[in-house]
Structure formats: C-alpha cells, structure tokens
Amino acid sequence: MPDLDRDVAGLFCVGFHGTTPSPEVLELVRRGVHGVVLFGRNVVDAEQVAALVAELKRAAGRPLLVSIDQEGGRVARLREPQGFTELPPMRALGDTGDEALAQEVGALLGRELRAVGIDQDYAPVVDVDTNPANPVIGDRSLSRDPDAVGRLGAALARGLQSAGVAACAKHFPGHGDTSQDSHHDLPRLPHALERLERIELPPFRALARAGVASVMTAHVVFDPFDAERPATLSPAVMRLLRERVGFDGCAISDDLEMKAVAEHFPLEEAAPGAVAAGVDALLVCHTAALQHRAIDLVRAAVESGRIPRPRIAEARARIERLLRFAGPPPDPRAARAGLRTPAHLSVARRIPPQATGRDPTLA
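Residues numbered from 1 in each chain as written. Predicted model: local features only at pLDDT ≥ 70, side-chain atom pairs only at ≥ 80, totals over all residues. Heavy atoms only, no water.

> How do you make sense of the overall build of the chain when you look at a structure like this?
Helix and strand counts for the chain stand at 14 helices and twelve strands. For 363 residues, the compact-globule formula gives about 21 Å, and the C-alpha radius of gyration of the chain, at 19 Å, lands near that figure. In the chain, which comprises 363 residues, the share counted as buried stands at 62%. For the chain, restricting intrachain contacts to residue pairs at least 6 apart in sequence, the fraction spanning at least 24 positions comes to 80%. Just so you have it, the chain exposes about 12,800 Å², and 52% of that area is on carbon and sulfur atoms. Taking the average place of the 43 positive charges on the side chains of the chain and the average place of its 48 negative ones, the gap between the two points comes to 3 Å. (Helix = DSSP H or I, 4+ residues; strand = E, 2+ residues; numbered from the N terminus. Rg over C-alpha atoms; globule rule 2.2 N^0.38 Å. Buried < 20%, exposed > 50% of the residue type's maximum accessible area, 1.4 Å probe, protein only. Contact = heavy atoms within 4.5 Å. Areas by Shrake-Rupley, 256 points an atom, 1.4 Å probe, with all protein chains shown as cover. Lys, Arg positive; Asp, Glu negative; His and termini not counted. Charge placed at Lys NZ, Arg CZ, Asp CG, Glu CD.)

> Even after reading the chapter, I still don't get the confidence of the model for the chain, so can you show me in this structure?
Residues shown with low pLDDT carry predicted positions that ought not to be read at fine detail. When pLDDT is averaged along the chain, the result is 93, and 96% of the positions lie at 70 or above. Contacts for the low-pLDDT stretch residues 355–363, under 50 throughout, to residues beyond four places or in other chains number 27 contacts. (pLDDT = per-residue confidence, 0-100.)

> Any chance you could explain helix H14 (residues 342–349) here in plain terms?
Along an α-helix, residues three or four apart share an orientation, since each turn contains 3.6 residues. What H14 keeps buried is the set His344, Val347 and Ala348. Relative to the axis of H14, the buried residues are bounded by an arc of 100° and lie together on one face. Away from its buried face, by an angle of more than 90 degrees, H14 presents the exposed residues Pro342 and Arg349. The inward-facing, buried residues of H14 contact helix H5 (99–115). (Arc of directions from axis to C-beta.)

> Teacher, can you tell me more about the pattern of salt bridges here?
Once their charged atoms are close, side chains differing in charge can pair, the charge on each being opposite to the other. Inspection of the entire model under this criterion finds 37 salt bridges. The salt bridge partner of Lys170 is Asp69, with a shortest N-O separation of 2.8 Å. Taken together, the residues Lys170 in strand E7 (residues 168–172) and Asp69 in the loop between strand E3 (65–68) and strand E4 (70–72) connect sequence positions 101 residues apart. For the pair Lys170 and Asp69, a shared accessibility class is recorded, and that class is buried. In this structure, Glu71 and Arg140 form a salt bridge, with 2.7 Å as the shortest nitrogen-oxygen distance. With Glu71 in strand E4 and Arg140 in the loop between strand E6 (120–121) and helix H6 (146–162), the pair connects residues that are 69 residues apart, well separated along the chain. Neither residue differs from the other here; Glu71 and Arg140 are each classed as buried. When salt bridges that share partners are traced, they join Arg242, Asp248, Asp280, Arg311, Glu314, Arg318 and Arg321 into one network. (Salt bridge = Lys/Arg side-chain N within 4 Å of Asp/Glu carboxyl O.)

> Would you explain the sheet that holds strand E12 (residues 282–284) in this entry?
Sheet strands associate in pairs through backbone hydrogen bonding, adopting either a parallel or an antiparallel arrangement. Taken in spatial order, the five strands make up an open sheet running E6-E3-E2-E1-E12, and their pairing is parallel. Each edge of the open sheet carries a strand with a single partner, namely E6 and E12. Inspection of the sheet shows strand E1 (residues 12–14) paired to E12 by three bridges, in the parallel sense. Bridge assignment links Val14 to a residue of E12, and that residue is Val284. The sheet strands contacting helix H3 (residues 46–60) are strand E2 (35–38) and E3, and the helix crosses E2 at an angle near 165°. (Pairing = 2+ DSSP bridges. Axes fitted to C-alpha atoms, helices over the stretch in contact; angles between N-to-C directions.)

> Sorry if this is basic, but what is going on with the layout of surface pockets here?
Leftover empty space is mapped by rolling, across the atoms, a probe with the size of a water molecule. Of the volumes computed, that of the second largest pocket is approximately 160 Å³. Along its surface, the second largest pocket is lined by Arg6, Asp7, Gly10, Gly32, His34, Arg62, Pro63, Arg316, Ile319, Glu320 and Leu323. Of all elements in the fold, only helix H1 (4–9) and helix H13 (309–322) reach the threshold of two or more residues within the lining of the second largest pocket. The element best represented in the lining of the second largest pocket is H13, accounting for three residues. A per-class count over the lining of the second largest pocket returns three nonpolar, three polar and five charged. (1 Å grid on protein atoms, 1.4 Å probe; cavity = no way out; pocket = protein on both sides within 12 Å on 5 of 7 lines; lining within 4 Å. Points joined across faces, edges and corners; volume = space filled by probe spheres on them. Nonpolar A, V, L, I, M, F, W, Y, C, P; charged D, E, K, R; others polar.)

Right, dumping it as structure tokens:
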C-alpha cells in the first residue's frame, strides 16, 4: 500500500459541528476520509444544507459520501420547517403492510436527499420490535413481525436506491429486543442462533437479497456468540452477516463515540477491533481529536500486523462500491424544487398519522 495513512483514513466517516464546513472536518477530508455524516446541528434549511454539501464535495475533489439519519418520525434530521416532507414513524407505514407504498416512501426520501446532495440514508431500521420496553427502537421499527419487517424494509431500500441514495439496514444483528439504549448503555441479549434465525436475521437476509448497499452494526452484546464484545467488535457476530445472511456489501459501525462502546472499550481496542472483526467503515461522529486518533490507531494496528493488510484492501473495496452512490456537488439554488412536491405530500398523506416525537440524539 503506497499510502497507508490515506488508505486507513478512507475507512472513516466523520461528523462535525457547525452549519458550514469546519476547519477540522476539512482537514479530515484532506486526510482521506470517505464520508461525512450530518446531524441536526448541521442543518438550517434546504439551501444551506445543499451549500454545505457542495462545499464539502468541492473540497474533497473526489467522490465523498455524505450521509444522514432520515428515517421518519422521531429520527429525522431534515424536517418540514427546513423545507422537507415530514413522515410519521415507520411503524405507521408498517401498519399498512403495503410494499408498493413502502417503495414509494423510500423513493420520496431518496429524491429529497438527492436534491440537497446527500448520498446515503442510514435507513431503514430492520430491527424487529419484540420488546415493548425498548427505549430506543419502538416505533422506529416497521413491525413486530419479522416477515413484515423484511418485506417492507426491502421495499424501502429499493425505493431509496432507485433515487440514487444508498440505503443502510440497521442495527445488525438486531437491536429490537433490548431494554437499554446503546447511546447510553451497553445492552446484552441472550439470543442464540435458533432465536436469531427465527426473529432477528430474516429481515437482514431479505435486505441482502434486495441489494441493500450497506448494513450498520449494533453496539449490543450477544452472549452466546461473544460474551465480551458487542456485535461491532465481534468476529463471531460479523461472520453471521457474511455467512448466515449472505451480505457482501459495506458493513458500517454505529458511532464509536456512543457510550455502549466508549465507556466500556478504549479507543485503542474499539477502532482496530471493529476493523479486525470485519467492519468495513467506521463512524466517529463528534470529536476531531478522536477521529484523528482512531485513524492513527488503525494504521498502527496494520503496521504491527494486528490487522492484516488484505483486511484493509477488502474493506476499501467494499467502500469503493458504496462510493458509486456519491454524487456531484448539488446546486443550492435548485434544492427546493425537489422538496415537498405535490407528489411527495400525496405519498405522505397515504400513511396513517401517528404522533411524531423528536430524537433526543439529533444534535
């Protein structure tokens, strides 16, 4: 590898603070990160988002993947006051059981994201909502029935990708039965393979068959497979994704700054450990110093032989396939033309209304 630092930096997607590109994120783009993730803290309105994305992509001078969480309901960074079509929680869509409508909703999301230059949506959630006390999934899940989650999730992913936006099935191998929020705690589940094959894995298998571009891992410990490490850091759990689910696309970690990882595993273990386990792309969403340090740690692990160089080449090849979704800098002046169109509002009205909460982590 002629430039190991750049190759390793290319495994990372980073977040930043501000509504224009910060010096810190521009430095990371120059270092070689493959992507930037946007949050509510980066959003003023549609024109500003498009201008922000355009500036990031021009600064990169190469394909740069801009990502966001735009599910609907309480997890949506782009909302009606900023000029976007607001959707109810995905449970409301799931209650319709309508695959054609799910595909239209996915296409709606994709067209509106593409209008402001966003290339990847961290959606759909394909966790099965089997625990009514779950504090983080709940109505983000399409259903309590694995078959419905798989059918409708696959339709959503097809719709997103028909509009040129990469879909991301999350959170593998399943966050639906937890009673803790991995933003704050490290959840554990006792589920063995027989249970996973019945409940958690079928939706991910359906999404893999539908050609979903990426899958996000869960910061959840599955005790029968690995009692020490969450899925994101576990080779045994990651083998399920490749061998039992049959997914060969890009596996993306959930944010390594979330407390489920950050308060239980030092970055020296978490960043190299995720790559060694089989995760291709690492999300580090908030702190520039940690983003640089995570890159340094993975590079050092390659140099020491802890991570074989073919593992980096494999991860980079999967990221390169994902980067096919990276579009050109958008035109901020044209952004509104693709938002809240009569057709989009008509699709949104076909989903039965439900209460729309707000995501406490959107900042």
